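Structure at a glance
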Amino acid sequence: MSVQYEKTIPFYDVDPMQVVWHGNYIKYMEEARCAYLSTKDMTYTDMEKIGYAFPIVELKIKYIHPCIFGQKILIKIDLEPCTNFLFFKYKIQNAQTGQKLCEAQTKQMCVSIETKESFYEIPDLILKQLGLK
């Protein structure tokens, strides 16, 4: 299932040339990822309540065209089938023209909040809620 998240680029995210600083794309992906998880009724808060956190362990990003101040962007996010990681793919595009601006992917590993132990499989409860099992 894909989720689309729309955002207008705020002034405080741009440099003097009104171009978004490269690190802010990661923040936009985080916003889209939280929106995705909300559609599955399995937010980070829900995961925390059952004892798990999902830190990012890998990020790949390809910048294609810059995002600029005031621009409306659309972030398409997909959760790829995987039982070892939460593996998300993102496509950021201009909401008006459809021009591709950025492509990225993240992997998140399951970690016990209590013991800080890493798990190499996602618990069944989370897999089922996210539609991965």
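Whatever comes next refers back to the structure up there.
Residues numbered from 1 in each chain as written. Predicted model: local features only at pLDDT ≥ 70, side-chain atom pairs only at ≥ 80, totals over all residues. Heavy atoms only, no water.

With that out of the way, let us pick up the environment of V111. Residue position: V111 is located in strand 7 (residues 110-112). For V111, a relative accessible area of 14% translates into the label buried. Beyond its immediate chain neighbours, meaning those up to four positions away, V111 contacts G51, Y52, A53, P55, K116, E117, S118 and F119. (Helix = DSSP H or I, 4+ residues; strand = E, 2+ residues; numbered from the N terminus. Buried < 20%, exposed > 50% of the residue type's maximum accessible area, 1.4 Å probe, protein only. Contact = heavy atoms within 4.5 Å.)

Attention shifts here to a nonpolar patch on the surface. The grouping of I26, I56 and L59 at the surface amounts to a nonpolar patch, some 220 Å² of accessible area in total. Along the polypeptide, L59 turns up in strand 3 (residues 56-63). Given a relative accessible area of 35%, L59 falls into the partly exposed group. (Patch = residues over 30% accessible without salt bridge, like charges linked within 9 Å, V, L, I, M, F, W, Y side chains within 5 Å. Areas by Shrake-Rupley, 256 points an atom, 1.4 Å probe, with all protein chains shown as cover. Salt bridge = Lys/Arg side-chain N within 4 Å of Asp/Glu carboxyl O.)

The next point concerns the nonpolar core. In this structure, F54, C67, I73, L86, F88, I92 and I126 are the most contacted members of the largest nonpolar core, which totals 31 residues. Only helix 1 (24-39), strand 4 (72-80), strand 5 (86-94), strand 6 (100-108) and helix 3 (124-129) provide two or more residues apiece to this core. Top contributing element to this core by residue count: helix 1, with six residues. Residue contacts for C67: discarding those within four places in its chain leaves I9, Q18, V19, V20, Y25, I73, I92 and L101. (Core = buried A, V, L, I, M, F, W, Y, C linked by side-chain atoms within 4.5 Å.)

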